[in-house]
2 protein chains.
Amino acid sequence: MTDTQNLGVTAAKGFRAAGVTAGLKASGTSDLALVVNDGPLHAAAGVFTSNRVHAAPVKWSRQVLKDGELAAVVLNSGGANACTGPEGFQDTHATAEKVAAELGVGAIEVAVCSTGLIGVRLPMDKLLPGIEQAAKALSSTGGEAAAIAIKTTDTVHKTAQVTSPAGWTVGGMAKGAGMLAPGLATMLVVVTTDAVVEAPQLDAALRDATRTTFDRVDSDGCMSTNDTVLLLASGASEVAPEQAEFAEAVRAVCANLARQLIGDAEGASKDIRIDVVNAATEDEAVDVARTISRSNLLKCAIHGEDPNWGRVLSAIGTTSAAFDPDQLDVAINNVWVCRNGGVGEDRELVSMKGREVVITADLKAGRADASIWTNDLTADYVHENSAYSS
Amino acid sequence: MTDTQNLGVTAAKGFRAAGVTAGLKASGTSDLALVVNDGPLHAAAGVFTSNRVHAAPVKWSRQVLKDGELAAVVLNSGGANACTGPEGFQDTHATAEKVAAELGVGAIEVAVCSTGLIGVRLPMDKLLPGIEQAAKALSSTGGEAAAIAIKTTDTVHKTAQVTSPAGWTVGGMAKGAGMLAPGLATMLVVVTTDAVVEAPQLDAALRDATRTTFDRVDSDGCMSTNDTVLLLASGASEVAPEQAEFAEAVRAVCANLARQLIGDAEGASKDIRIDVVNAATEDEAVDVARTISRSNLLKCAIHGEDPNWGRVLSAIGTTSAAFDPDQLDVAINNVWVCRNGGVGEDRELVSMKGREVVITADLKAGRADASIWTNDLTADYVHENSAYSS
């Protein structure tokens, strides 16, 4: 498999996309994206936020995906349509109906994704004409415009793709690092493929991929009301891949997009990978890594390029994972500054000048490993998230 | 009961205290406190951090408290003595032995508390002479000097007291808001009383008090390796109170000190009380309040005086507590900005100019309530915690 140029959701054959300006954002930049699957297959799968407070478009899209088919996805930035009550759900429904009418498909074949402020109704008088505009702009090279239109506080748009020598492609786009994006919240991802894959296999590949990619991005510990990751297959390549090979391609695209999300997290100056090794179970490795990734004190220390391993240990100590506190080893950028729960190599040996920082915690309790990506905590993060909606 | 002047740990009869400069801190301010119980009773109880990575003084003090007796407590700022291995434990032991020799008591009657950087050995060549100095300086009015000597990044020292009309007193001192204090970490609290109360009753009163006071202070979600709260009884008033009345006095002193900790949290500009009402159980109320209190996005919004109720709802939605997302009400400073999971009263009605902010979440799932105190997230917090040990 090879990475080629980044056409995102239109890298795979059988897809058209567009990104237009409906006028939802005060900034006047593009804010509405449409992705259409021209088939012949219309198989689809999705994963959604596990937040019990979830937005109208999440309720809608989860429902329409039950039959494993989608003809189109419409995405808007400039408003999350979360906590907007029955009226908000009607707005989502009307959005899907409008897309369906423009494309000549059924509304239940249209997924809807929204991102922006919670608790504010969408301006439907702008959104619905925007859909007409987007339908007219659909193009087999529209993937980049679509990726740009779903940006909120993202500084760059994010696309990725993998093409198999067998002639099929997986491509995708993403916005917004986890909940790092503020009231905005939300990670929205659409991945497309022209491989011939049915819905159950799409679902399996997507769940397997998100489990170790998007689910292990934790920039600020906050969970969105709107997170949505969709995978659509057109079958246009007429090639049916082995499931393992296909799943690996989906995983590669998701991992690439997830890494881009962390690299563009709001206010962040460091991208931090927490590697927990030799845990008793993978779940415990994830739990310990996530707990470390959520220590504000540690995130501040890393911002200050301070190899403060005591803050790693104090975070590990709050978990119930199997380990002996007097056996813990911790490395920062490969310098084992903590050995057996105490002072290890000289902390002066640690260089933290680069943007990427790797923290390794060896629990010496088994053979399971897991990694979580996070960011540092900065004054810029505070500024962006305290000034946003006021 | 009445609040009078703040003599802290020497407000109750039968106690002497001192605070001196042993030279542990680069700043040259006082750093060693000694509290002595002259009896006739020497009953004591303690609660400690639940962090599995805990410091040598926590291991020591937990051990010596098993018999329910203490003659003295020695506390140092300028070093946590955590993650310092067997040598660190020997340092704690030598500290207790030195105090015991100076006072003519047994080392197992001496509790030790430390606060400061993790992973650094204490300079015993300074600490031990400091103990001699402190023993000489002991005074029945030394409570304030002791409270000053345990400060780390605290901007003010913290004492509280309650005197019963029956003639007995509970007084105490505290330092460092939860883990808000940085690598420093740590809340250290010593409460004394001249009431005639045996160890089991002290223990019951202390656990009851900390459960709803110190345990509900969560300034930045981080748990220390060194947290220690001790309660010592001298019996010098010769009055044996009713348990309920005594427990209420201990709770009042702990609540007062806990509120002072939040009010002096590092870098904070707001003190935030999260009230969760009408939860199914008290545990669920605490869980929801704590989850809200740990949302960095919400803490940033409050710093920006932005009544961003969407961030409250998105935090509540991550819990497993009983509630219907479409029934949630949220008030900010008594304005119900969210009703039934959607837009409520006009957010423009909310004033957040004051330092204290109250967020109320009504789960409509039962009759249990709980409150957690937290702080906002500020650029000053980031600065203090990224610059500290580098």
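Please read all numbers here as calculations on a predicted model, not as lab measurements. (Residues numbered from 1 in each chain as written. Chains lettered and ligands numbered in written order. Predicted model: local features only at pLDDT ≥ 70, side-chain atom pairs only at ≥ 80, totals over all residues. Heavy atoms only, no water.)

Residues and elements named next belong to chain A. Annotation from UniProt places "binding site: substrate" (unreviewed entry) at Thr152, Lys175, Thr186, Glu266, Asn385 and Ser390. Along the chain, threonine 152 falls in the loop between α4 (143-149) and β6 (158-163). Among the structural elements, asparagine 385 can be located in helix α10 (residues 379-387). Look at asparagine 385 and you get buried, because its relative accessible area is 0%. Engagement of the side chain of asparagine 385 in a polar contact is seen with the side chain of glutamate 266, the distance being 3.4 Å. (UniProt positions renumbered as here; feature names shortened; annotations may be inferred. Helix = DSSP H or I, 4+ residues; strand = E, 2+ residues; numbered from the N terminus. Buried < 20%, exposed > 50% of the residue type's maximum accessible area, 1.4 Å probe, protein only. Polar contact = N/O pair within 3.5 Å; in protein donor to acceptor, adjacent residues only side chain to side chain.)

Now for the pairing of strand β15 (residues 368-375) of chain B. All names here are of chain B. By the criterion of burial, β15 is predominantly enclosed, with six of the eight residues buried. Sheet topology note: the strand β10 (residues 271-279)/β15 ladder contains seven bridges and is antiparallel. The residue of β15 that forms the bridge with valine 276 is alanine 370. (Pairing = 2+ DSSP bridges.)

This brings us to the state of the cysteines. Residue and element names in this part refer to chain B. Tallied over the entire structure, the rule returns zero disulfides over all chains. The closest cysteine sulfur to the non-disulfide-bonded cysteine 113 is located on cysteine 254, 14 Å from its own sulfur. For cysteine 113, a relative accessible area of 2% puts it in the buried group. (Disulfide = S-S within 2.5 Å.)

So, about the environment of B:Cys83. By the secondary structure assignment, B:Cys83 is in the loop between β4 (72-76) and α2 (85-103). In this structure the C-alpha to C-alpha distance between B:Cys83 and B:Ala368, which are 285 residues apart in sequence, comes to 40 Å.

With that settled, consider the domain arrangement of chain A. Residue and element names in this part refer to chain A. Partitioning chain A into domains gives domain 1 (8-263) and domain 2 (271-387). Computed over C-alpha atoms, the centres of domain 1 and domain 2 are 32 Å apart. Listed as interface residues are 13 residues of domain 1 and, on the opposing side, 17 residues of domain 2. Taking both partners together, domain 1 and domain 2 bury about 1,400 Å²; carbon and sulfur atoms supply 38% of that area. The largest contributions to the domain 1 side of the interface with domain 2 come from Arg216, Asp218 and Arg259, which together make up 46% of the buried area. Scanning the region where domain 1 abuts domain 2 turns up six salt bridges. Ionic pairing is found between arginine 290 and aspartate 218, a salt bridge with its closest N-O pair at 2.8 Å. (Domains from an automatic or database assignment. Contact = heavy atoms within 4.5 Å. Buried area = accessible area lost by both parts, 1.4 Å probe. Salt bridge = Lys/Arg side-chain N within 4 Å of Asp/Glu carboxyl O.)

Residue and element names in this part refer to chain B. Here we have six strands laid out as an open sheet, ordered β13-β12-β11-β14-β10-β15, and mixed in their pairing. The strands lining the two open edges of the sheet, one partner per strand, are β13 (342-343) and β15. Helix-sheet contacts for helix α7 (residues 282-293) involve β10, β14 (356-362) and β15, and the interaxial angle to β15 is about 25 degrees. The strands touched by helix α9 (residues 309-316) are β11 (329-332), β12 (335-339), β13 and β14; relative to β11, the strand with the most contacts, the crossing angle is about 135 degrees. (Axes fitted to C-alpha atoms, helices over the stretch in contact; angles between N-to-C directions.)

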